[in-house]
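# Notes for the structure review
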Amino acid sequence: MAEPMNAAPTLEVRNLQTHFFTRGGVVKAVNDVSFSIARGKVLGLVGESGSGKTVTGFSIMKLVDPPGRIVGGSILFQGRDLATLSEEEMRHLRGNRIAMIFQDPMMTLNPVLRIDTQMIETVQAHEKVSDEDARARARDALGMVGIPSPDERLKSYPHQFSGGMRQRVAIAIALLHRPDLIVADEPTTALDVTIQGQILAEVQKLCATTGTAMLWITHDLSVVAGLADDIAVMYAGRVVEYGDVGEVLDKPLHPYTHGLIGSVPSRNKRGVPLRQIPGMTPSLLNLPEGCSFRARCPRAAEDCIVMPTLHPWLPDRLARCHHPHLEEVATA
Amino acid sequence: MSAVVGQGAPIEDPAKIKVETPFRRFCSEFAESKLALGGLIVISIIILVAILAPFISPQDPYDLAVLDIMDGRLEPGEKSGDGSITYWLGTDDQGRDMLSGIMYGLRISLTVGAGSAFIAVMIGASLGLAAAYAGGRTDSIIMRVVDLQLSFPSILVALMILAFLGKSVTNVIIAIVVVEWAYYARTVRGTALVERRREYIEAAECLALPRYRILFRHLLPNCLPPLIVIGTMQVARAIALEATLSFLGLGVPITEPSLGLLIANGYEYMLSGKYWISFYPGIALLVTIVAINLVGDQLRDVLNPRLQK
Amino acid sequence: MSVYLLRRLIQAGGVVLAMSIIVFIGVFAIGDPVEILISPDADQMERERAVAALGLDKPLWHQYLIFLGKAAQGDLGRSFVFNEPALELILQRMPATLELAFAATFGAILIGLPLGLYAGLRPNSVGSKAIMAGSILGFSLPTFWVGLMLIMVFAVQLGWLPSTGRGDTVEVLGTRWSFLTWNGLQHLAMPALNLALFKISLVIRLTRAGVRETMLMDYVKFARAKGLSPFRVTFVHVFKNILIPVVTVTGLEFGSTIAFSVVTESIFAWPGMGKLIIDSINVLDRPVIVAYLMIVVLMFITINLIVDLMYSVLDPRVRLESK
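Residues numbered from 1 in each chain as written. Chains lettered and ligands numbered in written order. Predicted model: local features only at pLDDT ≥ 70, side-chain atom pairs only at ≥ 80, totals over all residues. Heavy atoms only, no water.

### Here's the deal with the interface of chain A and chain C
- Each side of the interface is counted separately: chain A has 29 residues, and chain C has 22 residues.
- Buried area between chain A and chain C, summed over both chains or domains, comes out near 2,400 Å², and the portion from carbon and sulfur atoms is 62%.
- Interface area lost by chain A to chain C is led by A:Val112, A:Glu121 and A:His159, which between them contribute 24%.
- Counting across the interface, chain A meets chain C through 4 salt bridges.
- Here A:Asp65 and C:Lys221 are joined by a salt bridge, their closest N and O atoms 3.6 Å apart.
- At the surface where chain A touches chain C, the tally comes to 14 residue pairs in polar contact (both at pLDDT 80 or more).
- Put simply, the parts of the chain that give the side of chain A that touches chain C at least two residues each are helix 1 (53-61), strand 6 (98-101), helix 3 (105-108), helix 4 (115-126) and helix 7 (163-175) of chain A.
- At 6 residues, the largest contribution of residues to the side of chain A that touches chain C is made by helix 4 of chain A.
- Class assignment of the residues belonging to the side of chain A that touches chain C gives a composition of 15 nonpolar, 9 polar and 5 charged. (Contact = heavy atoms within 4.5 Å. Buried area = accessible area lost by both parts, 1.4 Å probe. Salt bridge = Lys/Arg side-chain N within 4 Å of Asp/Glu carboxyl O. Polar contact = N/O pair within 3.5 Å; in protein donor to acceptor, adjacent residues only side chain to side chain. Helix = DSSP H or I, 4+ residues; strand = E, 2+ residues; numbered from the N terminus. Nonpolar A, V, L, I, M, F, W, Y, C, P; charged D, E, K, R; others polar.)

Here is the structure:
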């Protein structure tokens, strides 16, 4: 699926840093995150809760609320650095060229506004369109995400929809302007497994046909395995491993990724006790010196006191580790 | 705990300094707000003035013999006709020294306010406890009455009572009690409902302690913090309500005026520019109410973090 | 919906009946109007005739039934003092009170909403802190004292506004209204502000709390993520949500506004029913007291009913549940 005509990626995040300046101190929620997503590709951003993946998503939207602030790095969207854009310029991109889908579909739609109001206002926020045309666009978008009898549903209020249906509405809103990039923050976590499967399949189809790049934020490795092209694993505000999704999940380089995959139950590991990662994620308020995973890492050594860089240990495979699992890659 | 040492023991006993009793922590947390501390000081002064009024006021405002009608409506700072006293806050139409009038008025306002609040606490807390502890029918009857009453504004309930009973100080107190008890009942019931499911009540019940003992020795003390908070606020409200009723002419008799009545008396003279008869009692009332509210606000923050928003 | 409405109506009827008993017993069982109305040197015959004329010689329950039957026909007795039907007396003065209460409610929303919105959107600015401090004062200051201060400043010192009365009125639909003339408006301004003071504070606090809570909601962030203008986010997505509690509370407060107008009317000599009730309590004019209390209770219950219905119109979720 490579597109040589369009070599520049849709989104390229470089050394992004987003900190929260709280009364207790500076919380470094995102502390050096880099990745890129090409047209029509899906990047899975994986990490535990508190690893900074959601803040990364909001940083790209530039919707980080005070006391949070982007303090460093660049967010290149089609070559423009979003970090330097004014709020007004950013507003014209949001919902238009970059759309976002939220985690909890029960909370993303305004309970006191009808669906048509919430869709039409999105269309009209970016294009001068008559009410009828906007309504037609909204109806088409609802049809596209598989909502039956969209004309009637447009007149409904959010509480008249189920969770899965609401998420479809939210996705339809995100698709209204055929964005170039969608930031999806765990959009299927709150849904039933069957609904989740349907939505994943539809999203994949849409990306492939429209050429929309997608950042899929999740803690669920199986979702990433089925959906994403590339994967970036985050730990304590940093990307610790980055590469092709199949290769990373098959032969993880970073001990954290290794542990993460080991702790997922699966059929062929039946009877084998699940491995756990010992210890807890460190407090982002005062991170330990050196590698943040050091305290929990089975391979940690004395040199881990120095923070490793995201190093290309293999072609197109990056890991932030002094002692990656290279031997397993060699033997495999 | 360090061993008991003689009186000459150094004050900087390290063991003593580290011990932080709940009361001490409460005090230090309360003192965090300078405003509230100021309020507390002001309240203390006001109470002192009210208690000591007969000794420190320049004149006995109730003794008609000492009043000289010739001294009526003098401006603040003027001297009496015979030059014996200076009216720092002026005089009213009877020639009464306003400063003395305010001191005595404070006495009545505080007595009526605090007294009725006290009675209301007694009634409200008991009924609230009973409702929470008995549950079932008792609870629903008591809470129905509370809900019904709280759905009507205080002034209307007070007017109703005074319309039924006629106007007098006792009836004003009754009216305030009737208005206020429901707040306490609701507050205590709410807390007690939570507390009575705690283990210590179960334990007390297992020991077959008498019911009144469980209610008043075990349950009530644990319902105190919110009660204190509401109580403080309601004393301010009671004082304001008494003043309002007296201002409307439905409260205390003209011979022993509270602050509200002093203000009402000065009202007609205010239109002709003689502001002080109404103004200074008003300031005294204002300072009292605001000071109590400041203290109450801080008490709420310290005692009940859940209420803090 | 109709079942819900019916249930609410029956409930309301029960409360009215209960209140009628309380009011009747309270007013008629305690205190003796004969003492007030009949001169002490009247002879026994005259007394008895007066007592019979007033219906005070019958047993209490009988008096109540008579009272109830007459009340159903709109007859709440004749004022002892004015010798006019009590209900008519109250109804004559009601428009003035309603006008004052509406002006106060309207003013409270007009002043309170923008201030609360500002305080909620910029919670840390100096302006917000001043607004919140002001609202604490508005809560704790006694209404009558503020009224006096208003008169002292605006009527006595500055001479900008008249201190008492309704001013020029215009007759519309059979009743006289002040707000239609400039002079009347001037008379209305101070009493309305005085009565509104408590409600302004309330609206400010409600609005501010609502804004702060709503701003944190996902749907507001989603609205921003859709690229909506800040104006639309604030005034459509946030505002419509906070309007529900604010409208509910100001609506429910309308009854207490009418009750508290007693104080304001006394200060500003506003010829409404509040002033009438104070005078009536002073002379123990029972029929007028009863009529006033019954009318206010009735208004209260009606207001609660209307607010409930409005609430369901504003909040689509409630509408569904009540169906």
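### Things to note about the sheet that holds strand 6 of chain A
All names here are of chain A.
- Strand order in the open sheet formed by 8 strands is 6-7-8-3-9-10-12-11, and the pairing between neighbours is mixed. The outermost strands of the open sheet, each flanked by one partner alone, are strand 6 and strand 11 (311-314). Going from strand to strand, the sheet's axes swing by 20° on average, the running direction of each strand aside.
- Taken together, the 5 bridges between strand 3 (residues 42-46) and strand 8 (residues 213-218) define a ladder with parallel strand orientation. Note on strand 8: the bridge partner recorded for Gly44 is Trp216.
- Those strands touched by helix 1 are strand 3, strand 6, strand 7 (181-185), strand 8 and strand 9 (230-235), and its axis lies near 150° from that of strand 7. (Pairing = 2+ DSSP bridges. Axes fitted to C-alpha atoms, helices over the stretch in contact; angles between N-to-C directions.)

### Focus on the interface of chain B and chain C
- Across the contact, 38 residues belong to chain B and 39 residues belong to chain C.
- In terms of surface lost to chain C, no three residues of chain B exceed B:Phe164, B:Tyr267 and B:Met270, which account for 17% of the buried area on that side.
- The tally of links from chain B across to chain C stands at 0 salt bridges.
- Inspection of the region where chain B meets chain C yields 0 residue pairs in polar contact (both at pLDDT 80 or more).
- Looking at the side of chain B that touches chain C, the elements with two or more residues in it are helix 6 (154-165), helix 9 (211-247), helix 10 (259-270) and helix 11 (276-303) of chain B.
- Top element by residues in the side of chain B that touches chain C is helix 11 of chain B. It accounts for 10 residues.
- Among the residues making up the side of chain B that touches chain C, the classes are represented as 27 nonpolar, 9 polar and 2 charged.

### Concerning the packing of aromatic side chains
- This model, assessed by the stated rule, comprises 12 aromatic pairs over all chains.
- A centroid spacing of 4.8 Å and a plane angle of 40° characterise the contact between C:Phe102 and C:Phe254, whose relative ring orientation is tilted. Here C:Phe102 is found in helix 5 (residues 86-121), whereas its partner C:Phe254 is found in helix 10 (residues 230-268), with 152 residues between them in sequence.
- Looking at C:Phe254, the relative accessible area reads 10%, which means it is buried.
- Considering the side-chain rings of C:Phe235 and C:Phe239, the 5.9 Å spacing of their centres and the 45° angle between planes classify their relative orientation as tilted. Residue C:Phe235 and its partner C:Phe239 are located together in helix 10, separated by 4 residues, close to a single helical turn.
- A cation sits over an aromatic face here: A:Arg153 above A:Phe161, 4.4 Å from the ring centre. (Phe/Tyr/Trp six-rings, centres within 6.5 Å; stacked < 30°, edge-to-face > 60°. Buried < 20%, exposed > 50% of the residue type's maximum accessible area, 1.4 Å probe, protein only. Lys NZ or Arg CZ within 6 Å of the ring centre and 35° of its normal.)

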